Structure formats: structure tokens, C-alpha cells
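Residue-level structure breakdown
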Amino acid sequence: MGAADNKTSWYRTTAERVAFVVALALVWEYAVDIFHIKAYLLPPLSRVLASLWSNRVVLLQQSLVTTWEVILGYLSAVFGGIALGLAIFAVPSLTRTLYPFIVAIQGIPKIALAPLMVIWMGYGISSKVLMAFLFAFFPVVITTLGGLAGTPVHLVEHFRANRASQWTMFRRLQLPSALPSIMDGCKTAMPLAVIGAIVGEFVGSDKGLGYLILEAHASARSDLLVAALVVVSVVAGALYWLVELIAGRVWWRAL
């Protein structure tokens, strides 16, 4: 009965999502004509779909470039953020010295750093990967620290009362307790990594979806511009879904 209920719930959720997308598509298509919106402001959905099809090769090529930049920057942010979060939690002096410095850097608008990244690292992939890293890094650090610090105090006292070593307490209590928070940070970081890569491409690049968006804007091709934005959304959604799937598997194995 439980399996049947889950299946029914999945069908209902899927139907609701499909209905929402269809309704949104219809509103988009017909609102342009009803409200006499100029095509250069918002092209109808049919024109965007036609542009997606006619420019499918270019969009695929540029999306692969951006996706690779996002993956490299994201993985660097996840591994670096978790490692730094663990280090700050384990070494109190880092909380007093390094952590405020990281918070101060986080306060700088990342888009303001993009030109500097191009100057330092050139127009190649490195500057885009670094931008993706900078956007995604801080949430991973914060959620790692928050998850570790949020370990129930009574369980910590229980481990200490049983004379468990610090490593045993970390491995068997603190890390499993922090894992849901860390996974949430990893999921939050993925869309931010996509934004970082696109921002890097805006500032200095000759390829990628960000570059294609700028080219479409310069040539007043709003249909291609919106089509590129749709592809960016698809890429971000697919990568987020993949991270969510991996996070779920990691969580169940930890249990």
C-alpha cells in the first residue's frame, strides 16, 4: 500500500509540474500578442523554440563549454569548502583568524572581481572556473561549519563520558550529524557555480553560453538570447538534479 501511495504521489507531482509548464508556455505565447509586446523585448515562445532548433548545434557546443567550466569550479568549491570548514572547526585559531577574512572576501561583489580574474588568468577557461569556484565556495564552508557546530550537545557529552577519542567522536557523531547540512550546501552551491561561470564569460570569453548571450544581445537577436537563457536554465537544473541524486545516495549510505 505504501508503494502504491508513493507511486500515486509521484504521478500527481509529475502531472502538476507538466500542467504548470504547459500553462506557463501558453501564457508566454499568447500574452505577447494580446499585450502587443514587441518581439525585441520578449519574443513569443514559438520563435524561441524555432531558434533553439535552428541554432541547436551552436547551443550544444557552447553549453558543453559552460558545463565543463561549472563542473570544474563546483568540484573545486565543494572539496575546498568542506576541507576548509573541517579545518576551521578542528583548529580554533583558524576561527579567530581565517574565518573573518573569508567572510570579508564574501562581502565583495563577485562580478567586481571578474575583470581582475581575466587580467590575472586571461581569457581561457581558468578565469571562468575560478569565478564558478568563488560563487560556490562560501555556502559550502558555512554549511559545513554550521552542521558540525550543530551536533547535539547531549550526544557529544555522551561520547566524552564513554571516553571516546576525538577522531571517533568526529567520525561516528559529528560528521554524520553534519552531513545533511553539508549536502544542502553542496546543492545550494551548484546554481551559484553556474552563475559564476556565466559572469566570467560575460566579462571575457570567446565561447560559452555567456559569450553567446552577449553576441545575441549585440546583434539584437532576442530569440537567440532567450533560447540561450533557456539552455542555461536546463543546464543548471540538470546539474542540480544530479547533485541532489548523489547527495541522496551519500546520505543513505551514511545511515
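Residues numbered from 1 in each chain as written. Predicted model: local features only at pLDDT ≥ 70, side-chain atom pairs only at ≥ 80, totals over all residues. Heavy atoms only, no water.

Some remarks on the side chain of Glu69
What counts, and what does not: Each helix is a run of DSSP H or I of at least 4 residues and each strand a run of E of at least 2, with the numbering of both proceeding from the N terminus. Any residue under 20% of the maximum accessible area for its type is buried, any over 50% is exposed, and the rest in between are partly exposed; the area is computed with a 1.4 Å probe on protein chains only. Under this rule, positive means Lys or Arg and negative means Asp or Glu; His and the chain ends count for nothing. Any Lys or Arg side-chain nitrogen found within 4 Å of a carboxyl oxygen on Asp or Glu counts as a salt bridge. In this analysis, two residues are considered to be in contact whenever any of their non-hydrogen atoms come within 4.5 Å of each other.
Tracing the backbone shows Glu69 in helix α3 (residues 56-90). No salt bridge is formed by the buried Glu69. Its closest oppositely charged neighbour is Lys128, at 5.9 Å. The residues touching Glu69, leaving out its near neighbours within four places in the chain, are Ile125, Lys128, Val129, Ala132, Ala197 and Glu201.

With respect to the packing of aromatic side chains
Applicable threshold: Stacked, tilted and edge-to-face pairs are distinguished by plane angle, under 30 degrees for stacked and over 60 for edge-to-face with tilted covering the rest, among Phe, Tyr and Trp rings (Trp via its six-membered ring) whose centres lie within 6.5 Å. To sit over a ring, a charge needs its Lys NZ or Arg CZ within 6 Å of the ring centre and within 35 degrees of the ring normal.
Across all of its chains, the model carries 2 aromatic pairs by this definition. Of note, Arg56 hangs over the ring of Trp53, and the distance from its end group to the ring centre comes to 3.9 Å.

Notes on the nonpolar core
Put simply, the test is: We define a nonpolar core as any set of buried Ala, Val, Leu, Ile, Met, Phe, Trp, Tyr and Cys residues linked to one another through side-chain atoms lying within 4.5 Å.
If you look at the biggest cluster of nonpolar residues, it comprises 53 residues, and the most contacted ones within it are Leu59, Val70, Tyr74, Met131, Met190 and Val194. When contributions to this core are tallied by element, the ones reaching two or more residues are α3, α5 (110-121), α6 (125-149), α8 (166-203), α9 (209-218) and α10 (222-254). The element best represented in this core is α8, accounting for 13 residues. Beyond its immediate stretch of four places on either side in the chain, Met131 contacts Lys110, Leu113, Ala114, Met117, Gly196, Val199 and Gly200.

Focus: α8
Condition: By this rule the span expected of a helix is its residue count minus one, scaled by 1.5 Å. Each residue is assigned a bend, namely the angle between axes fitted to the seven residues that terminate at it and the seven residues that start at it.
Helix length check: α8 (38 residues) gives 47 Å between terminal C-alpha atoms against 56 Å at 1.5 Å per residue, more than 12% under. Leu179 marks where α8 bends most, by close to 45°; the proline Pro180 follows one to four residues later.

Considering the pattern of salt bridges
Enumeration according to the criterion identifies 2 salt bridges in this entry. A salt bridge links Glu157 to Arg160, with the nearest nitrogen and oxygen atoms 3.6 Å apart. In this pair, Glu157 and Arg160 are both assigned in helix α7 (residues 153-161), 3 residues apart and thus about one turn of the helix distant. Using a relative accessible area of 42% as the deciding quantity, one classes Glu157 as partly exposed. Lys187 serves as the salt-bridge partner of Asp184, at 3.7 Å between the closest nitrogen and oxygen. With a gap of 3 residues between them, Asp184 and Lys187 both fall in helix α8, about one helical turn apart. By relative accessible area, which is 17% here, Lys187 ends up buried.

Thoughts on the environment of Ala132
Mapped onto the elements, Ala132 comes out in helix α6. In this structure, the C-alpha to C-alpha distance between Ala132 and Pro44, residues 88 residues apart in sequence, is 32 Å. Those residues within four positions of Ala132 in sequence are excluded, and the remaining contacts are Glu69, Gly73, Ala193, Gly196 and Ala197.

Focus on the packing of α7 against α8
Between two packed helices, both the angle of their axes relative to each other and the distance between the axes serve to describe the pair. The line we're drawing: Under this scheme, a helix contributes an axis fitted over its contacting stretch, all axes are lines through C-alpha atoms, and angles between N-to-C directions fall in the 0 to 180 degree range. Here is the rule for handedness: rotate from the far helix to the near one, and if that takes an anticlockwise turn smaller than a right angle the crossing is left-handed, while a clockwise turn gives right-handed. Amino acid classes used here: Ala, Val, Leu, Ile, Met, Phe, Trp, Tyr, Cys and Pro are nonpolar; Asp, Glu, Lys and Arg are charged; the rest, including Gly, are polar.
Orientation of α7 relative to α8, taken along the N-to-C sense of each, is 140°, at an axis distance of 11 Å. The handedness of the crossing between α7 and α8 is right-handed. Judged by residue contacts, Leu155, Val156, Phe159 and Arg160 of α7 engage Thr168, Met169, Arg172 and Leu173 from α8. Of the residues assigned to the contact of α7 with α8, the class counts are 5 nonpolar, 1 polar and 2 charged.

Looking at α9
The criterion, for reference: Within this analysis, the arc is defined by the directions that extend from the helix axis to the C-beta atoms.
What α9 keeps buried is the set Leu209, Gly210, Leu212, Ile213 and Ala216. Each buried residue of α9 sits inside an arc of 160° when the element is viewed along its axis, so together they form one side.

Section: a nonpolar patch on the surface
We apply this condition: The residues that make up patches have over 30% relative accessible area and no salt bridge, and they are joined within 9 Å when like-charged or within 5 Å when they are Val, Leu, Ile, Met, Phe, Trp or Tyr. We get accessible surface area from the Shrake-Rupley algorithm with a probe of 1.4 Å; when it comes to residues, only the shown protein chains can shield them.
Together, Val18, Val22, Leu26, Tyr30, Ile34, Phe35, Ile37, Tyr40, Leu41 and Leu42 make up an exposed nonpolar region whose accessible area comes to about 1000 Å². Considering the arrangement of structural elements, one finds Ile34 in helix α1 (residues 2-34).

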